[in-house]
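# A structural walkthrough
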Amino acid sequence: MSGSFVWDNFYKKADGADIYALLGRVPIFDTLSKGELKLFEHILHRRVYAKGEFIFREGDTGSAMYIIEDGEVSLEIGKSRQEISHLANGDFFGEIALFADQPRSASALAFEETRIFGFSQHDLLGLLETHPKTGITVVMKLTRIIADRLHRATIENTRLLDTLIVHTAQ
Amino acid sequence: MSLNTKILALLLVLAIGAVLVYTVFTIGTIVALFLMSLLFAFILAPAVNWIEGKGIARGIAAFIIFSLFFGGIAVAVYFLSPFIFDEVSHLQEVISVGQLRKGIRDVEVFLSRQLAFLGVRRMQVAPKVTEWVSLLFDNILNIASSLAGIVLFAVMMLISTFFLLKDARNLKKSLVEYVPNRLFEVALNIMHKIEWSLGAYLRGILVDSLTIGIVTTFALWLIDLPYYFIIGGFAAMANLVPYLGPPSAAFTASFVSVVTTGSFRQVPLILFVFVVIRLLDDAIVQPLTISKSVRLHPVIIIFALLVGGQLFGIVGMFFAVPTVGVLKVIIGEFSAGLQRYRPSTEQ
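A brief look at the structure comes next. (Residues numbered from 1 in each chain as written. Chains lettered and ligands numbered in written order. Predicted model: local features only at pLDDT ≥ 70, side-chain atom pairs only at ≥ 80, totals over all residues. Heavy atoms only, no water.)

## A word on the pattern of salt bridges
Residues and elements named next belong to chain A. Test applied: Salt bridge criterion: a side-chain nitrogen from Lys or Arg within 4 Å of a carboxyl oxygen from Asp or Glu. Going along the chain from the N terminus, every DSSP run of H or I of four or more residues is numbered as a helix, and every run of E of two or more is numbered as a strand. Categorising residues by exposure relies on relative accessible area from a 1.4 Å probe, with only protein chains included: less than 20% of the type maximum marks a residue as buried, more than 50% marks it as exposed, and the intermediate range marks it as partly exposed.
Applying the stated criterion to the full structure yields 17 salt bridges over all chains. In this structure, Asp70 and Arg115 form a salt bridge, with 3.7 Å as the shortest nitrogen-oxygen distance. Of this pair, Asp70 sits in strand β3 (residues 64-70) while Arg115 is found in strand β8 (residues 114-120), placing the two residues 45 residues apart along the sequence. Taking relative accessible area as the criterion, Asp70 reaches 35% and is therefore assigned partly exposed. Judged by relative accessible area, which is 29%, Arg115 ranks as partly exposed. Residues joined in a network through salt bridges with shared partners are Arg46, Glu69, Asp70 and Arg115.

What follows is the structure in structure tokens.
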């Protein structure tokens, strides 16, 4: 069927090799085989955001996680829009929305024209249903990353609390 | 969101609705074909997912479930059709030899006697009813005569159902590509909720109707009603239309009883059987099959049935509840999304 405009578009694969190379660099997927990455690719939605366009806003009820394919994303909090993180190719964000129906804790906006892949909680649950082994590998990786972030946040909290106690005592 | 924006959004929804209704009227058969395929794809998708979860490729999983389901239907039709045709032709014969006229005349006499105090003397119902029934049989014959069209429709429907089952994920991805960025997550939520609630409703009502059909056939056989098999089948199909279906099955059973026996003797027992089946359905079967799938107020369901029936007849009545269920999900998610919406870029 190659050469046919209709069929080429109907069965188009979005730069397959590039996607697998990109996904393979993302910590969540680095242990997945190419076959497993191919399964995961089925649930990814490619989006393009203009410079300054919000991907989601602080307080929104989120349901999707995003991986940056090409571009930069700024994570900001508060009315003053203080930047708390600046992400680039291969970075991911919004992963908490996959596990909890909580409002987004920060806003995400495209720092320049940015291409990202998004997938929702429901997409992941679908993958867990049809390909449990791959789904569980991804969920375990995500859980480890979140646990690691929580651990680092707890250490940082303790350090800040100690500093506060010292300052109060002085 | 300002009042103007709300009015504009409402006008937009109304305009889209008008275009949809016009389109459905214009290309009715194609829409019906697509809706039927979609309906079967929704019903069978979890079974395909389950087989795919066992490590079998999606295409093969779709083929296995597709073959089992439609093959099962084909086998059932093959073995049951001679019996059904026999009962239908016998019933037609009974009605055409004048027993129908006699039966209705008996009913008229009975009612005239009971309602004499109101001044009712002669009702002249028999000619009208026999005319309706002969029209019904004519329609059945017309349907049978357009068998070639039905076969073509069925083949097209089977092909599109198979591809919907196999490629549903890719189609979903292609649809999402056209959604604006600010509605991306809303669209994913809508699709998931529609998949979940509609699939659950359709599978539930199918199991519910099958159960009702079997129980009704058995109960009518027990009370020795003639043509219990086709009436049981009719009860199963009528059950697909909430609220209005079950009473029409009870009416049909009573009607057949009066026409074939020429008396009202069996009618109270038939009504009792249908009331008991209805209660069992409400108390046991429905909570296990269709509860929690499409939560709609009864008034909305009845209104939807009336609109569906007015626009597309029986088919419209069947699709009324799923359609309103889908609209409820879309409106709910969009209103939540629009409440959160602010301009997509800020300086």
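## Describing the sheet that holds strand β5 (residues 82-87) of chain A
Residues and elements named next belong to chain A. Here is the rule we go by: Think of it this way: DSSP has to see at least two bridges between two strands before they count as a pair. Under this scheme, a helix contributes an axis fitted over its contacting stretch, all axes are lines through C-alpha atoms, and angles between N-to-C directions fall in the 0 to 180 degree range.
Across the sheet, four strands lie side by side as β2-β7-β4-β5; this open sheet has antiparallel pairing. Where the open sheet ends on each side, the last strands, each with one partner, are β2 (54-56) and β5. Neighbour to neighbour, the strand axes of the sheet diverge by 30 degrees on average, direction disregarded. Judged from the two bridges that link them, β2 and strand β7 (residues 107-110) form a sheet pairing that is antiparallel.

## Focus: the interface of chain B and chain A
Note the following rule: Contacts are assigned to residue pairs with any non-hydrogen atoms lying within 4.5 Å of each other. What gets called buried area is simply the loss in accessible area from a 1.4 Å probe that two parts show on being joined, summed for both. Polar contact is defined as a pair of N or O atoms within 3.5 Å, subject to the rule that within protein one atom must be able to donate a hydrogen and the other to accept it, and that residues adjacent in sequence are counted only when both atoms are side-chain atoms. Note on residue categories: nonpolar means Ala, Val, Leu, Ile, Met, Phe, Trp, Tyr, Cys or Pro, charged means Asp, Glu, Lys or Arg, and polar means any other residue, Gly included.
In this assembly, 26 residues from chain B lie in contact with 32 residues from chain A. Summing both partners gives a buried area of about 2,600 Å² for chain B against chain A, and 42% of it is carried by carbon and sulfur. Counting across the interface, chain B meets chain A through three salt bridges. Residues Asp123(A) and Lys172(B) are paired through a salt bridge, measuring 3.6 Å at the closest nitrogen-oxygen approach. Taken together, the links from chain B to chain A amount to 13 residue pairs in polar contact (both at pLDDT 80 or more). For the side of chain B that touches chain A, the secondary-structure elements that each account for two or more residues are α2 (28-52), α5 (147-177) and α6 (184-222) of chain B. Here the side of chain B that touches chain A gets seven residues from one element, more than from any other, and that element is α5(B). Class assignment of the residues belonging to the side of chain B that touches chain A gives a composition of six nonpolar, nine polar and 11 charged.

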